[in-house]
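# Close look at the chain arrangement
Residue strings, one per chain:
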Amino acid sequence: MPKPLDKLLLNPVRLTIVSTLMGVAECDFNYLKKVTETTQGNLSIQLKKLSEENYIRIRKTFENNYPKTNCSITARGKKCFETFFINLQSYHTKG
Amino acid sequence: MNTTEQIGLINEAINKTKEQLRPLGVNFIFWGLLIIAMSLGHWLFPAFIQMTSYSALLYWTLLPVLAMVYTVYYNIQVRDKTGYETHIGRVLKIIWSVFNISWITIVIAALSSGQNPSPTIIFLLGITVLSSGLIIKSRPVSLGGGLLFLLYIGHHFYPEINPFMLNILGLSFGLLIPGFSLYYHKNDA
C-alpha cells in the first residue's frame, strides 16, 4: 500500500522550490520567482512555511543597499524530499 | 495535480539548474592570455622588469592580484545573473580559491629567495586543472591538466628550458585551449 505523501510538498510552488534547491548549493529569490512563476507575496509565504519546518535555510544579505534573499536546502529538507519522491513513485507505479 | 505531473515538475525544476561552463571558459582564457602576455613581457624586456631587486616580485604579484580581484568581481556578476550556484560550481570555486592562495604564496616565497617559481606553479596548475576537468567531466580540460604534469616532468629532464617558454607552453595547453573548448561547449554539465 502506498505511503502517504508529505502534505507540505503537495503544494506545487513549495515542491518546485524544494526540487530546485535539491539541484543547487544556493539560489536567490528572483530565480525562485522565475521558476515557480508565482507572485512575490506568495513566494515569500511559501518560503516562510518551508523555513519554519526547517526544510530550507534562508540567508538575507544586503547588496548595493538592496536586501537579497538566498535559499538553500537543509539536511531535513533533503531527506523529506527523497522520501516524498520515493512515495510518489510508488503511487505512480501503482497508478 | 496528479503524480505524473508532480514527477514532471520535479524533473523540470532540477534540469533547469545546470552548471554554466562558458564563464569557466572565460576565466581560463583570461588567465591564460594574461600569464602568457606577462611571460612574454618579462622575456622580451628583462631589464625593465628586473630594474630593481623588488620590481620582478611586484610585477608577478601585483598584476595577478589585480586580475584576481577582477575575476572575483566577474564571477559574482555571473552568479547574480544566473541566480543560483550549483554544487559543482561551489566545488570549483573552492579549489580555484585554494589554488590562488597557493600560487601567491609560491611566487612570494620563490622570488624572495631568488628561485624560479614556474615549475612549481605548473605542477600546482596541473593538479587544479586536472581536478576541474574530472569534476566537470571535460576531456579537453583533463588533458590540459595532464599536459601540465608532463611539462613539469619534462622540466626535470631538461631544466635548462627557459622559464618563460615553460609558462607560455603550459598556459597555452593547460588553460587557453581548454578554455576555448569550454567557451564553445554546447551542452552544459
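Please read all numbers here as calculations on a predicted model, not as lab measurements.

## What about the nonpolar core?
As a rule of thumb, nonpolar side chains are buried together in soluble globular proteins. Grouped together as the largest cluster of nonpolar side chains are 37 residues, with contacts concentrated most on Trp-103, Leu-125, Val-129 and Leu-175 of chain B. Looking at this core, the elements with two or more residues in it are α2 (21-44), α4 (55-82), α5 (87-112), α6 (118-136), α7 (139-157) and α8 (163-183) of chain B. At eight residues, α2 of chain B tops the list of elements feeding residues into this core. Apart from residues lying up to four places away in sequence, Leu-175 of chain B is in contact with Phe-28, Trp-31, Gly-32, Trp-96, Leu-125, Val-129 and Gly-170 of chain B. Residues Val-13, Phe-29, Leu-47 and Leu-88 of chain A belong to the second largest nonpolar core, which totals 30 residues.

## Some points on the side chain of Asn-27 of chain B
Residues and elements named next belong to chain B. Note that Asn-27 resides in helix α2. The exposure class of Asn-27 is buried, given its relative accessible area of 13%. The contact partners of Asn-27, leaving out residues within four places of it in the chain, are Thr-71, Tyr-74 and Asn-75.

## Describing the environment of Thr-17 of chain B
Assignment of secondary structure puts Thr-17 of chain B in the loop between α1 (3-16) and α2. Owing to a relative accessible area of 9%, Thr-17 of chain B belongs among the buried residues under this scheme. Linking Thr-17 of chain B and Glu-85 of chain B, residues 68 residues apart in sequence, is a C-alpha distance of 8.6 Å. Ignoring anything within four residues of it in the chain, the contact list for Thr-17 of chain B reads Thr-20, Gly-23, Val-24 and Tyr-31 of chain A together with Tyr-84 of chain B.

## Focus: the sheet that holds strand β3 (residues 66-73) of chain A
The strand order β2(A)-β3(A)-β1(A)-β1(B) describes an open sheet built from four strands, whose pairing is antiparallel. Two strands bound the open sheet, and with one partner strand each, they are β2 (56-63) of chain A together with β1 (84-86) of chain B. The mean angle between the axes of side-by-side strands here comes to 20 degrees, regardless of whether they run parallel or antiparallel. Taken together, the eight bridges between β2 of chain A and β3 of chain A define a ladder with antiparallel strand orientation. Following the sheet pairing, Thr-61 of chain A is matched in β3 of chain A by Lys-68 of chain A. Strands in contact with α4 of chain B are β1 (24-28), β2 and β3 of chain A together with β1 of chain B; relative to β1 of chain A, the strand with the most contacts, it is inclined by about 75 degrees.

## Description of the interface of chain B and chain A
Each partner contributes to the interface: chain B provides 20 residues, whereas chain A provides 25 residues. For the pair chain B and chain A, the summed buried surface comes to about 2000 Å²; carbon and sulfur atoms form 62% of the total. Counting across the interface, chain B meets chain A through three salt bridges. For the interface between chain B and chain A, the tally reads seven residue pairs in polar contact (both at pLDDT 80 or more).

## Considering the confidence of the model for chain B
Per-residue confidence for chain B gives a mean pLDDT of 89, with 98% of residues at or over 70. By mean pLDDT, α1 of chain B is the weakest element of chain B at 86, and α6 of chain B is the strongest at 94.

## Digging into the pairing of β3 of chain A
Residues and elements named next belong to chain A. With respect to burial, β3 is a largely interior element, six of its eight residues being buried. Taken together, the two bridges between β1 and β3 define a ladder with antiparallel strand orientation. Directly across from Asp-28, in β3, lies its bridge partner Asn-70. Count of turn residues in the β2/β3 antiparallel hairpin: two residues, of which Asn-64 carries a positive phi of about 50 degrees.

Calculation criteria
- Residues numbered from 1 in each chain as written.
- Chains lettered and ligands numbered in written order.
- Predicted model: local features only at pLDDT ≥ 70, side-chain atom pairs only at ≥ 80, totals over all residues.
- Heavy atoms only, no water.
- Core = buried A, V, L, I, M, F, W, Y, C linked by side-chain atoms within 4.5 Å.
- Buried < 20%, exposed > 50% of the residue type's maximum accessible area, 1.4 Å probe, protein only.
- Helix = DSSP H or I, 4+ residues; strand = E, 2+ residues; numbered from the N terminus.
- Contact = heavy atoms within 4.5 Å.
- Pairing = 2+ DSSP bridges.
- Axes fitted to C-alpha atoms, helices over the stretch in contact; angles between N-to-C directions.
- Buried area = accessible area lost by both parts, 1.4 Å probe.
- Salt bridge = Lys/Arg side-chain N within 4 Å of Asp/Glu carboxyl O.
- Polar contact = N/O pair within 3.5 Å; in protein donor to acceptor, adjacent residues only side chain to side chain.
- pLDDT = per-residue confidence, 0-100.

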